[in-house]
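Examining the three-dimensional arrangement
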Amino acid sequence: QSIDLQGAELSLLAYPGNVIINPNGMRVSLEGSATTTSSDPCIREWDDGTFDAVVAESPDIGTPPSGFPEDFGGGILISDDFGHQALYALWKSGLLCYVVDEDLGFPIDTSLLGLLAGDAFNQLFPESKPMVIVTRPKKPPTMNFTTDHDVGLKVDELGLDFMAELDHRLARVLAIDLEVDAGVDINLDAETGQMGVAIDLGSDSITPTVSSNDFAPDSSETIETSFA
């Protein structure tokens, strides 16, 4: 199946792998892959064509995975390897690449810098000017199945470039790298069969690090503290 993701094509392939039946139950295995047509220009400089391959053993047939009730009737398991491959393909397609501006529905200006750094940028921008935020997703997300949530999603080095007009040109006035550690819970409505996805993304899920702050370097610690 091919899925359109903001103009990029994500191809998902699944085919029969094996069927095992024993006194404890039955397992139907599928092999699969997730690929995309090409690297988005915004991540091309960081894409080396590989993802974090993880080899994980499946639980024995009839043995409930961690967190399952003892009397479970069946379950669907996804391997760490396939999960990482799918997230790599999503990242490669440019799914995390954004320019946050009025076209995206978030008109912002340099007054946002005051919320982050107090008056540190006031001399640079005595009057507010339009500003945009450009994302720089340097690494593909990864999955973690050993959290308190159904799935943990981790994104390292998600860069944010704060761009504003200086000397009649658009310049980067601040850059921040984020580490995002989010939890995802998948809920199934037993009556309708619909699946709901809940994302836990609290302020403690995001760790900011100022990576570039040439114009107000003394404010970096304040920015990191107030970013959440």
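What comes next concerns the included structure. Since we're looking at a predicted model, the values are computed, not measured.

Inspection of the entire model under this criterion finds 1 disulfide. Two residues, Cys42 and Cys97, share a disulfide whose sulfurs are 1.7 Å apart. Classification of the bridge connecting Cys42 and Cys97 rests on its S-S torsion, roughly -40 degrees, and on that basis the disulfide is left-handed. In this pair, Cys42 is assigned in the loop between strand S3 (25-36) and helix H1 (80-92) and Cys97 in the loop between H1 and strand S4 (99-100), connecting sequence segments 55 residues apart. Overall, the relative accessible area of 16% leaves Cys97 in the buried class.

One finds Leu113, Phe162, Leu174 and Ile223 to be the most contacted residues of the largest nonpolar core, which totals 23 residues. For this core, the secondary-structure elements that each account for two or more residues are helix H2 (111-117), strand S6 (130-137), strand S8 (151-166) and strand S9 (169-188). What Leu174 contacts, discounting residues up to four positions off in sequence, is Leu113, Leu116, Leu160, Asp161, Phe162, Val210, Ser212, Asn213 and Ile223. Within the second largest apolar cluster, 5 residues are counted, among which are Leu10, Ala34, Ala86 and Ala89.

By volume, the second largest pocket is sized at about 250 Å³. Considering the residues around the second largest pocket, the lining is formed by 16 residues, among which Asp52, Lys139, Pro140, Pro141 and Thr142 are closest to the centre. When contributions to the lining of the second largest pocket are tallied by element, the ones reaching two or more residues are H1 and S8. Looking at the lining of the second largest pocket residue by residue, the class counts come to 6 nonpolar, 3 polar and 7 charged.

Right, let's get into the pairing of strand S10 (residues 195-200). Remember that side chains alternate between the two faces of the sheet whenever the strand is regular. Summarising burial for S10: 0 of the 6 residues are buried, a small minority. Pairing of S9 with S10, which is carried by 6 bridges, proceeds in the antiparallel orientation. Note that in S10 the partner of Gly183 across the bridge is Asp200. Here S9 hands over to S10 after 6 residues, with Gly193 in that stretch at a positive phi of 80 degrees.

Take the side chain of Thr36 next. Mapped onto the elements, Thr36 comes out in strand S3. For Thr36, a relative accessible area of 14% translates into the label buried. Leaving out residues up to four positions away in the same chain, Thr36 has contacts with Ala8, Glu9, Ala89, Lys92 and Ser93.

Time to look at the sheet that holds strand S2 (residues 8-22). With respect to topology, 3 strands assemble into an open sheet ordered S1-S2-S3, the strand pairing being antiparallel. Edge positions in the sheet fall to strand S1 (2-5) and S3, since each has one partner strand and no second. This sheet shows a mean twist of 30 degrees between the axes of neighbouring strands, independent of strand direction.

Further remarks concern the pattern of salt bridges. Going through the model one piece at a time under the given rule, you end up with 8 salt bridges. The salt bridge partner of Asp156 is Lys154, with a shortest N-O separation of 3.5 Å. With a shortest N-O distance of 3.6 Å, Arg172 and Asp161 are connected by a salt bridge. Here Arg172 is found in strand S9, whereas its partner Asp161 is found in strand S8, with 11 residues between them in sequence. Salt bridges linked by common partners bring Arg136, Lys138, Asp161, Arg172 and Asp177 together as one network.

What counts as what
Residues numbered from 1 in each chain as written. Predicted model: local features only at pLDDT ≥ 70, side-chain atom pairs only at ≥ 80, totals over all residues. Heavy atoms only, no water. Disulfide = S-S within 2.5 Å. Helix = DSSP H or I, 4+ residues; strand = E, 2+ residues; numbered from the N terminus. Buried < 20%, exposed > 50% of the residue type's maximum accessible area, 1.4 Å probe, protein only. Core = buried A, V, L, I, M, F, W, Y, C linked by side-chain atoms within 4.5 Å. Contact = heavy atoms within 4.5 Å. 1 Å grid on protein atoms, 1.4 Å probe; cavity = no way out; pocket = protein on both sides within 12 Å on 5 of 7 lines; lining within 4 Å. Points joined across faces, edges and corners; volume = space filled by probe spheres on them. Nonpolar A, V, L, I, M, F, W, Y, C, P; charged D, E, K, R; others polar. Pairing = 2+ DSSP bridges. Axes fitted to C-alpha atoms, helices over the stretch in contact; angles between N-to-C directions. Salt bridge = Lys/Arg side-chain N within 4 Å of Asp/Glu carboxyl O.

Take it as geometry only, folks, not as evidence of what the structure does.
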